Amino acid sequence: MNSEWKSVGNGHLEGPIPIPDLDPSKLTITLTKSPKAIPAPESLIFGGAMTDHMLIASFDPVSGWSAPEIKPYGPFTLDPASSCFQYATNTFEGMKAYIGPDGAPRLFRPAKNMARLARSAERLALPPFNPDALLELIKKLVVIDQRWIPNIEGYSLYIRPTIIGTRSALGVSASDHALLYVILSPTGPYFRTGPKPISLLAAAENVRAWPGGTGSHKVAGNYAPGFLPQRIAAKQGYDQILWLLRDENEWKVTEAGAMNVFVVVDREDGDFDLITPPLDGTILPGVTRDSILAIAKAHTAGKLTLPGLSPTQCLHPHERAFAISDMDRWLSEGKLREMFAVGTAAVVAPVGRVGFQDDLKKLARDLVLPSYEVDMGPVSRGVRQMIVDIQEGKFEWDGWCVRCE
């Protein structure tokens, strides 16, 4: 462990001296006296509106985690020397709540998010916490603000758990003080008029992550360095960056923007290979990514049928590296059927074209993916619809959705 303490799930953190862990039984709730008006669904912009309340708790190395509090949403005060401002000791998660057919809010595979947040906090040497306790607190917050969840297909409540280091000193060392908070934001479909193919600029000049770095963790420092390349891509007419990593003489594909990537390739036996880069330490282990691999295996095993796909059309999921040169070859051979990016916000975003920029900043030709009348290929459309149906409670699968009560 990178921390002096370890969460053992008994209400205390083991360490030099036992101190309190995050404890839902100590929760205090202060409801707002001035509830906000809920924005019209069609006006929602991702992350633009916040709900009435937030969850907050602080960590002190002497007293441990404070009693958690749900209180009216608002600003808090931090010392200008706080570690989060100086050394980016910040980690967060992105997850969603949906209204199910029974009218109750539900979360999609939330234990995955809690486990990833714990791993990210450890990677930044932030104080540990009990993931089960945090999940219980998030459920309570969602229930309190459930009126903010649009009961419309494709809409949800975005949940942003965050942990920041608050040690107020400029010395370059781990933060032994922290603030944990959770905020909520109602959100609509990523694509308002249905999924549309996006364009990617595969630039060789910048990288998102590298071996031994923090690419497999959801930490704030992974994101800001991508803003300038994204701006450059937009000026050249592309929607997002396709992140590459040099491996000997090949440019390996890693992620697209802040999303994982899949390609669908024809096999000699008439089936499809569904390929995504492996979790080699440079790839974020996305919940949507993991879910797609699982339901693709279930489809081929006959345990479920993806919408729009024949039960006999088998998908063979692979976690293996592929390069821009592989994509170029598959296209020339007529084998590359689809490419799509996946993540919590968009679920599935089809890719229409990829521009490759080499070290000399000379743009080679665009790689143009096959087009479809409905803007998505059969595999991306099928996995997207299945995940959305599970999230919204139209299809129950393997206990993936958890009620908030």
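Here the structure is a predicted model, which means the values were calculated and not measured.

Student: Please set out the overall build of the chain residue by residue, giving values where relevant.
Tutor: Check the secondary structure of the chain and you find 7 helices and 22 strands. The 405 residues of the chain split such that 51% are buried. Looking at the chain alone, contacts between residues at least 24 apart form 70% of all its contacts between residues at least 6 apart. When the accessible surface of the chain is summed, it comes to about 17,800 Å², and 53% of that surface belongs to carbon and sulfur atoms. When the 41 positive and 45 negative side-chain charges of the chain are each reduced to one mean point, those points stand 3 Å apart.

Student: Quick one: what's the story with the UniProt feature "modified residue: N6-(pyridoxal phosphate)lysine" (unreviewed entry) in the chain, residue by residue and with numbers?
Tutor: When the UniProt feature table is mapped to this numbering, "modified residue: N6-(pyridoxal phosphate)lysine" (unreviewed entry) covers Lys 218. Classification of Lys 218 by relative accessible area gives buried; the value is 10%. The residues touching Lys 218, leaving out its near neighbours within four places in the chain, are Thr 91, Phe 92, Glu 93, Gly 94, Arg 116, Ser 120, Tyr 223 and Leu 284.

Student: Lay out the nonpolar core with the relevant residues and their values.
Tutor: Among the nonpolar cores identified, the biggest contains 37 residues, and Trp 65, Leu 107, Leu 134, Ile 138, Ile 159 and Val 182 are the most heavily contacted of them. When contributions to this core are tallied by element, the ones reaching two or more residues are strand 5 (53–60), strand 9 (95–99), helix 2 (110–123), helix 3 (131–144), strand 11 (156–165) and strand 12 (178–187). Among the elements that line this core, the one with the most residues is helix 3, at 7 residues. Apart from residues no more than four positions distant in its own chain, Val 182 is found in contact with Met 54, Leu 55, Leu 134, Ile 138, Leu 141, Ile 159, Arg 160 and Pro 161. One finds Leu 274, Val 287, Val 348 and Trp 400 within the second-largest nonpolar core, a separate group that totals 30 residues.

Student: Requested: an account of the pattern of salt bridges, with residues and values cited.
Tutor: Applying the stated criterion to the full structure yields 21 salt bridges. Lys 112 serves as the salt-bridge partner of Asp 290, at 3.8 Å between the closest nitrogen and oxygen. Of the two residues, Asp 290 sits in helix 5 (residues 287–300) while Lys 112 sits in helix 2, which places them 178 residues apart along the sequence. Among the residues examined, Asp 290 registers a relative accessible area of 28% and is labelled partly exposed. For Lys 112, a relative accessible area of 38% gives the class partly exposed. Here Arg 403 makes a salt bridge to Glu 405, at a shortest N to O gap of 3.1 Å. Note on Arg 403: relative accessible area 37%, which makes it partly exposed. On the basis of relative accessibility, which here comes to 68%, the residue Glu 405 falls in the exposed class. In this structure, a network of salt bridges that share partners links the residues Glu 268, Asp 326, Arg 329, Glu 333 and Lys 335.

Student: Now, about the packing of helix 2 against helix 3: what can you tell me, with residues and values included?
Tutor: Where helix 2 contacts helix 3, the axes come no closer than 9 Å and their chain directions differ by 130°. Relative to helix 3, the element helix 2 lies oblique. As helix 2 runs across helix 3, the sense of the crossing is right-handed. In this structure, helix 2 uses Pro 110, Ala 111, Met 114, Leu 117 and Ala 118 to contact helix 3, whose residues at the interface are Pro 131, Leu 134, Leu 135 and Ile 138.

Student: Hey, could you go over unusual backbone geometry for me, with residue numbers and the actual values?
Tutor: Even without a glycine there, the phi angle at Ala 88 is positive, about 55°. Residue placement: Ala 88 occurs in the loop between helix 1 (83–87) and strand 8 (90–92). Look at Val 347: it is not a glycine, yet its phi comes out positive at around 65°. Here Val 347 is to be found in strand 20 (residues 347–357).

Student: Lay out helix 5 in plain terms, naming residues and giving numbers.
Tutor: Here helix 5 spans 20 Å end to end across 14 residues, near enough to the 20 Å set by a 1.5 Å rise per residue. Helix 5 sits mainly inside the fold: 10 of its 14 residues count as buried. Among the residues of helix 5, Val 287, Thr 288, Arg 289, Ser 291, Ile 292, Leu 293, Ile 295, Ala 296, Ala 298 and His 299 are the ones counted as buried. Positive phi shows up at Gly 302, right after helix 5, with a value of about 80°.

Student: Give me the side chain of Ser 82: which residues, what numbers.
Tutor: Following the sequence through the fold, Ser 82 ends up in the loop between strand 7 (69–72) and helix 1. Here Ser 82 falls in the buried class, since its relative accessible area comes to 1%. Looking at Ser 82, its side chain comes within polar contact range of the main-chain oxygen of Asp 79, at 2.7 Å.

Student: Give me the lowdown on the packing of aromatic side chains, citing residues and values where you can.
Tutor: Going through the model one piece at a time under the given rule, you end up with 8 aromatic pairs. Between Phe 108 and Trp 400, the ring centres sit 5.8 Å apart and the planes meet at 85°, which makes this aromatic pair edge-to-face. You can see Phe 108 sitting in strand 10 (residues 105–108) and its partner Trp 400 sitting in the loop between helix 7 (378–391) and strand 22 (401–403), a full 292 residues away along the chain. Look at Phe 108 and you get buried, because its relative accessible area is 8%. You can call Trp 400 buried: its relative accessible area is 6%. Here the guanidinium or amino end of Arg 109 rests over the ring plane of Trp 400, the centre of that ring lying 4.1 Å away. One Lys or Arg, Arg 353, reaches over the ring of Tyr 238 and ends 4.5 Å from the middle of that ring.

Each value, and the rule that gives it
- Residues numbered from 1 in each chain as written.
- Predicted model: local features only at pLDDT ≥ 70, side-chain atom pairs only at ≥ 80, totals over all residues.
- Heavy atoms only, no water.
- Helix = DSSP H or I, 4+ residues; strand = E, 2+ residues; numbered from the N terminus.
- Buried < 20%, exposed > 50% of the residue type's maximum accessible area, 1.4 Å probe, protein only.
- Contact = heavy atoms within 4.5 Å.
- Areas by Shrake-Rupley, 256 points an atom, 1.4 Å probe, with all protein chains shown as cover.
- Lys, Arg positive; Asp, Glu negative; His and termini not counted.
- Charge placed at Lys NZ, Arg CZ, Asp CG, Glu CD.
- UniProt positions renumbered as here; feature names shortened; annotations may be inferred.
- Core = buried A, V, L, I, M, F, W, Y, C linked by side-chain atoms within 4.5 Å.
- Salt bridge = Lys/Arg side-chain N within 4 Å of Asp/Glu carboxyl O.
- Axes fitted to C-alpha atoms, helices over the stretch in contact; angles between N-to-C directions.
- Parallel < 35°, antiparallel > 145°, perpendicular 65-115°, else oblique.
- Left-handed = near helix turned anticlockwise from the far one by under 90°.
- Expected span 1.5 Å × (residues − 1).
- Polar contact = N/O pair within 3.5 Å; in protein donor to acceptor, adjacent residues only side chain to side chain.
- Phe/Tyr/Trp six-rings, centres within 6.5 Å; stacked < 30°, edge-to-face > 60°.
- Lys NZ or Arg CZ within 6 Å of the ring centre and 35° of its normal.

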